[in-house]
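# Fold and geometry: a report
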Amino acid sequence: MEVISFKAVTKDYGASATALKEVSFNIKQGEFTALAGPSGSGKSTILNLAAGLDIPSTGKVLLLDKDLTKMDGNALTLLRRNSVGFVFQAYNLFPVLTAVENVEYQLALKGVPPQKRKRLAEAALEEVGMKGLGKRFPAQLSGGQQQRVAIARAIVSEPKIVFADEPTANLDSTTAERLLLLFRTLNETKKITFLFSSHDPMVLRIADRILEISDGRIKSDSVRQIPVTEAPGATSIVRVPAALHSSRRAA
Amino acid sequence: MDFFVLKLCWKNIWRNKRRTILTVNAIGFGVMALVGIYNYYDGFHEQVIHNVIRYQSGHLVVGAPGYQTRNLPSMYIKSPAKVESWLSHRPEVKAVSERVIVQGLVSSAQGSANILFMGIEPKQERRVTRFAANIVKGKYLEAEKGKPIVLGKALSKLLKVDVGSKVVALTQGVDGSIGNELFRVVGIFETQSDADKSLAFINIGDARSLLSLPPQAVHQVSIVLREETELDKVYADFQSAFPKGSHIQIMTWQQVQRPLMAMIELNKSANRLLMIIILFVAAMGIANSILMSIMERTREFGVMMAIGTLKAEVIQMVVVETMLLSTVGVLLGNFLGIAITMYFNKHGFDLRWLTSQSIVVQGTIIQTISYPSVRWQNSFMITTCIMTLSLLVSVIPIRHISKLRAVEALRAH
């Protein structure tokens, strides 16, 4: 089942600036995909369009079989609330809330009762390795810990897809590697689809599939050929074009 | 989003403690000032009205039509028996005093003055006005022979007379004759009002004699009620019992004391103006605080919307924050305002340090010391105004958030 589908999507910012040009791709449920490319190539624009935060100039964006171009602002927000998780480069936790309250916020939006909310939030924090740190405020946590809280917030309501915009950009390599393994584990255990934007080589090594973006177009679409668990420490990974990979799997 | 939103809002308003404390103090100070001033003036007005009722007119005044405005001695009630009878059957009436009022000259060997002679039945008058309690020398008037007179202290100084001295009253009777009587000073009163230099009490029979009035004639019947709330009912019933053709007119103390009522209304208007100014300043404080707060949090609002918070929910949160901020200020202000009122209710608030002389309106003493009392309706009114204003001020953040797009807000710093 395809959870994201871009059909000839173009995004212009005014007459002279085109961020995306006729971009088309599909992402299936459970895929662990990275959008690679230099700054300004269009990675964040793809994430924004895929999450319904922005609308394409032309073309169609489907998220969970819903045409985002035909939905109003409230419907898009509710779709994100119920089916999407977000992890940002700058963590973007609410500074006045404790770690557990930050996670609870997502559940409060869905109207989960307070007791259940707290239990689920604590469980999510435990899942991302933050057990016992729930009462700390973001300012009392390291960057890696804050990002873990952000991940807990993103996954606590069991979304179908998580968008992560440069999630390791502000972290040191050891912390980044641990977080990537966490993403990977969540992807495998919970079958959550992940779509990253990143130019971190470590992210690119761990991703199942890499969509390389350049000047607003998809330059390449490749799929990993070795088991995922070997990826983080691997120095070189063999990849094949996605189309070829799909046909092999089908065979 | 239940109690969680309230908790988040509460935490949000304390993000910048210094700013919030300044705003809360501004609202609190404004509310305290308004509650204090409104309570002070209510107590002050009540005191003035009380003085008018207990030193002058009573709650209601009955007289010949037009007497209260023209004060002509020839305008008197010829036979007050019907009025007396009607009043005696009314349970609402506490006390009644019949008066004959004479404008004339009082003189002694040392001086003279144009004054008002108030002819009274001393026993009746004691129950209506409180002059008897203000005797500073000698005694109050009694229904005795020998033409006793009670003077104000300032008048006695002017005439250079004391208890036991004799004074002459000179006036023109209703028949054109000259009334001329010798009175003996039996007492001196002091109220620290105009009455001290312009009023003297004599027996009602002596007053009739001075004016050559018939034996039953009275100019004024002053009525004190058991409860002021019964005023309208007694007034209406009296008018039904004594219609226009009966040549008897009843007036409420408000009708008699129009200048005083005008002064009270003027005070109330000034208070309202003060309230508008203070509310405006408070509104500016709230608006500034909230606007600063939301400008700093544009990116955060973007995150909220990105992870599934509806714009309406973000707006709701900011409105709740505004109301919470105002609520804290209003609670603080009411607490302080009520505490100050209670203190001055016990110890009195003396304006002597602001005014060098006693204030008199239409002969009524306005005491410089006032005892404000806690009026919950004042607190309620001021609280309602501030909270309504806070809601109106919320339009500023509502407009800002309504225009926000999550994707742009996320790029804000």
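Residues numbered from 1 in each chain as written. Chains lettered and ligands numbered in written order. Predicted model: local features only at pLDDT ≥ 70, side-chain atom pairs only at ≥ 80, totals over all residues.

## Observations regarding the interface of chain B and chain A
Listed as interface residues are 17 residues of chain B and, on the opposing side, 17 residues of chain A. For the side of chain B that touches chain A, the elements supplying multiple residues, two or more each, are α1 (2-13), α12 (298-306) and α16 (406-409) of chain B. With five residues, α1(B) is the largest single contributor of residues to the side of chain B that touches chain A. Among the residues forming the side of chain B that touches chain A, the class breakdown is 10 nonpolar, three polar and four charged. (Contact = placed C-beta atoms within 7 Å. Helix = DSSP H or I, 4+ residues; strand = E, 2+ residues; numbered from the N terminus. Nonpolar A, V, L, I, M, F, W, Y, C, P; charged D, E, K, R; others polar.)

## Notes on helix α13 (residues 311-347) of chain B
Between its first and last C-alpha, α13(B) extends 54 Å over 37 residues, near the 54 Å set by a 1.5 Å rise per residue. Gly348(B) lies just past α13(B) and shows a positive phi near 80°. (Expected span 1.5 Å × (residues − 1).)

## Quick notes on the confidence of the model for chain B
This prediction gives chain B a mean pLDDT of 89; 96% of its residues lie at or above 70. Interface confidence in the predicted complex, given as ipTM, is 0.88; pTM for the same model is 0.75. (pLDDT = per-residue confidence, 0-100.)

## Notes on the sheet that holds strand β2 (residues 17-28) of chain A
All names here are of chain A. The antiparallel open sheet is built from four strands, whose spatial order is β2-β1-β4-β5. Every interior strand has two partners, whereas the edge strands, β2 and β5 (66-67), have only one. Sheet topology note: the strand β1 (residues 2-13)/β2 ladder contains eight bridges and is antiparallel. Counted as the bridge partner of Asp 12 is Thr 18 from β2. (Pairing = 2+ DSSP bridges.)

## Let's talk about the pairing of strand β6 (residues 84-87) of chain A
Residues and elements named next belong to chain A. What you see with β6 is no split at all: Val 84 and Phe 86 on one side and Gly 85 and Val 87 on the other are buried throughout. As defined by bridge partners, β6 adjoins strand β7 (residues 161-165) across four bridges and the pair is classed as parallel. Note that in β7 the partner of Val 87 across the bridge is Ala 164. (Buried ≥ 20, exposed ≤ 12 C-beta atoms within 10 Å, placed from the backbone.)

## Focus: the nonpolar core
Core analysis: the largest hydrophobic core is formed by 109 residues, its most contacted members being Ala50(A), Leu125(A), Ala152(A), Phe163(A) and Leu195(A). Sort the elements by how many residues they give to this core and helix α2 (residues 17-57) of chain B lands first, with eight residues. The residues touching Ala152(A), leaving out its near neighbours within four places in the chain, are Val103(A), Ala124(A), Leu125(A), Glu127(A), Val128(A) and Met130(A). (Core = buried A, V, L, I, M, F, W, Y, C linked by C-beta atoms within 7 Å.)

## What about the packing of helix α3 (residues 99-109) of chain A against helix α5 (residues 143-155) of chain A?
Residue and element names in this part refer to chain A. For the pair α3 and α5, the least separation of the axes is 8 Å and the interaxial angle reads 25°. The angle between α3 and α5 places the two elements in the roughly parallel class. Seen from above, α3 lies across α5 with right-handed handedness. In this structure, α3 contributes Ala 99, Asn 102, Val 103, Tyr 105 and Gln 106 to the contact, and α5 contributes Val 149, Ala 152 and Arg 153. (Axes fitted to C-alpha atoms, helices over the stretch in contact; angles between N-to-C directions. Parallel < 35°, antiparallel > 145°, perpendicular 65-115°, else oblique. Left-handed = near helix turned anticlockwise from the far one by under 90°.)

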